[in-house]
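In case you want the letters, here they are:
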Amino acid sequence: MKIAILGGTGPQGKGLALRFAVAGVDVVIGSRDEERACSIAAELNQQLSAMDTIKNLGVISGADNDAAVHSAEQMVLLAVPYSAHNATLTALKGALSNKILIDIVVPLKDGDPKAVDMPAEGSATEAAQALLGENIPVVGALHNVSAATLNKLEQSINCDILVCGNSLEAKNQVISLIERLQVSAYNVGPAVNARCVEAITPMLIRLNISKKVPFSHAGIKIWAPDH
């Protein structure tokens, strides 16, 4: 399997590239700057080469955004800053035909990551779906995972993943992909529910930077009743 991560040169994109490669998935990092994408990919592969106890590692490569999308077999993750969200999708709409877009972007308020600034559509996930049209399924996922956690490969991911979107088939495929990271992923409903899921991120950021809270890089867990 080969996936693409657009915005893969950022902290969250790099962490996800590493995690999926450890899970045996080939990853193409996409960027507007192909040279930077290739440089980051080389750094990540060097980091993976030190993990000689793990078999069947995936390979990380770099490319410009358009080439990255075309090289992905089926799924493309969008991990760009929200300020580049719509422009990136507009430029790549044609290339995304017959792909599933996994939108992990959260529309944080400019200058205040402790709050969201939702677009008119209601969420980044819904904005992506409206922009791309219904023929390209958009699945919102991985919004609430700390980039710091993703990059600490010696530690397991400490949260569950909430997955939403209008296509059940696409959600099921995304859940299967995410479960390769040894985490639990849950279908939490249609794309409109991304308004709630994306809004959890600034709450976690608020907790994680608070001096009154004795932890950082927290995530969300779904707990079953003990009775």
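Residues numbered from 1 in each chain as written. Predicted model: local features only at pLDDT ≥ 70, side-chain atom pairs only at ≥ 80, totals over all residues. Heavy atoms only, no water.

### Remarks on the pattern of salt bridges
Counted only if it meets this: Salt bridge criterion: a side-chain nitrogen from Lys or Arg within 4 Å of a carboxyl oxygen from Asp or Glu. Counting from the N terminus, the helices are DSSP H or I runs at least four residues long and the strands are E runs at least two residues long. When a residue's accessible area, from a 1.4 Å probe over protein chains only, is under 20% of the maximum for its type it is buried; when over 50% it is exposed; and in between it is partly exposed.
Within this structure, the stated rule accounts for three salt bridges. With a closest N to O distance of 2.7 Å, Arg195 and Glu126 form a salt bridge. With Arg195 in helix H8 (residues 194-209) and Glu126 in helix H5 (residues 124-132), this residue pair connects regions lying 69 residues apart in the sequence. The class for Arg195 is partly exposed, based on a relative accessible area of 38%. For Glu126, a relative accessible area of 13% translates into the label buried. A salt bridge links Asp160 to Lys221, with the shortest nitrogen-to-oxygen separation between them at 3.6 Å. You can see Asp160 sitting in the loop between helix H6 (147-151) and strand E9 (161-165) and its partner Lys221 sitting in the segment after H8, a full 61 residues away along the chain. Judged by its relative accessible area of 4%, Asp160 is buried.

### Section: the environment of Cys38
By the element assignment, Cys38 lies in helix H2 (residues 34-49). It is 22 Å that separates the C-alpha atoms of Cys38 and Ala148, two residues lying 110 residues apart in sequence.

### Details of the sheet that holds strand E8 (residues 138-140)
Filter applied, for reference: By definition, two strands form a pair when at least two bridges between them are found by DSSP. Here an angle of 0 to 180 degrees is reported between the N-to-C directions of two axes, which are lines fitted to C-alpha atoms, with helices fitted over the stretch in contact. Residue contacts are counted whenever heavy atoms from the two residues lie within 4.5 Å of one another.
Across the sheet, which stays open at both edges, the eight strands sit in the order E3-E2-E1-E4-E5-E8-E9-E10 with mixed pairing between neighbours. Both edges of this open sheet fall to strand E3 (60-64) and strand E10 (185-187), since each of them pairs with a single strand only. Strand after strand, the sheet turns through a mean of 25° between neighbouring axes, direction not considered. With three bridges joining them, strand E1 (residues 2-6) and strand E4 (residues 75-78) adopt parallel strand pairing. Within the sheet, the bridge partner assigned to Leu6 lies in E4 and is Leu78. Along the sheet face, helix H4 (residues 85-92) touches E1, E4 and strand E5 (100-103) and points at about 150° away from the line of E4.

### With respect to unusual backbone geometry
Unlike most non-glycine residues, Asn56 shows phi in positive territory, near 60°. Here Asn56 lies in the loop between H2 and E3. Note on Asn56: relative accessible area 70%, which makes it exposed. The phi angle at His217 is positive, at roughly 60°, despite the residue not being glycine. Tracing the chain through its elements places His217 in the segment after H8. Judged by its relative accessible area of 30%, His217 is partly exposed.

### What about the pairing of E9?
Spelled out, the test is: Note on handedness: a crossover is taken as right-handed if, strands pointing away from the viewer, the path from the first strand over the helix to the second is clockwise.
Of all five residues in E9, five are buried; the element is thus mostly enclosed. Residue alternation in E9 divides its side chains into two sets, Ile161, Val163 and Gly165 and Leu162 and Cys164, and both sets are buried. As judged from the three bridges shared by E9 and E10, these two strands associate in the parallel manner. When the bridges of E10 are listed, Ile161 appears paired with Ala185. In terms of handedness, the path from E9 via helix H7 (residues 168-179) over to E10 forms a crossover that is right-handed.

### Details of the side chain of His85
Mapped onto the elements of the fold, His85 is located in helix H4. Judged by its relative accessible area of 0%, His85 falls in the buried class. Setting aside its immediate chain neighbours within four residues, His85 contacts Leu78, Val80, Asp103, Val105, Ala124, Ala127 and Ala128.

### What about the packing of H4 against H5?
Quick reminder of the rule: Oblique is the label for every angle not falling under 35 degrees (roughly parallel), over 145 degrees (roughly antiparallel), or within 65 to 115 degrees (roughly perpendicular). Here a crossing is taken to be left-handed if its near helix is turned anticlockwise relative to the far helix by less than a right angle, and right-handed if that turn runs clockwise. The residue classification treats Ala, Val, Leu, Ile, Met, Phe, Trp, Tyr, Cys and Pro as nonpolar and Asp, Glu, Lys and Arg as charged. All others, Gly included, are polar.
Close contact between H4 and H5 brings their axes to 10 Å; oriented N to C, the two are set at 25°. Relative to H5, the element H4 is oriented roughly parallel. The way H4 lies across H5 gives a crossing that is right-handed. Side by side, H4 and H5 meet where His85, Asn86, Leu89 and Thr90 of the first sit next to Ala124, Ala127, Ala128, Leu131 and Leu132 of the second. By residue class, the composition of the contact of H4 with H5 is six nonpolar, three polar and no charged.

### Brief notes about the pairing of strand E7 (residues 112-116)
Pairing geometry for strand E6 (residues 108-109) and E7, over two bridges, is antiparallel. Across the sheet, Lys109 pairs through a bridge with Asp112, a residue of E7. Linking E6 to E7, which pair antiparallel, is a turn of two residues; within it Gly111 sits at a positive phi near 85°.

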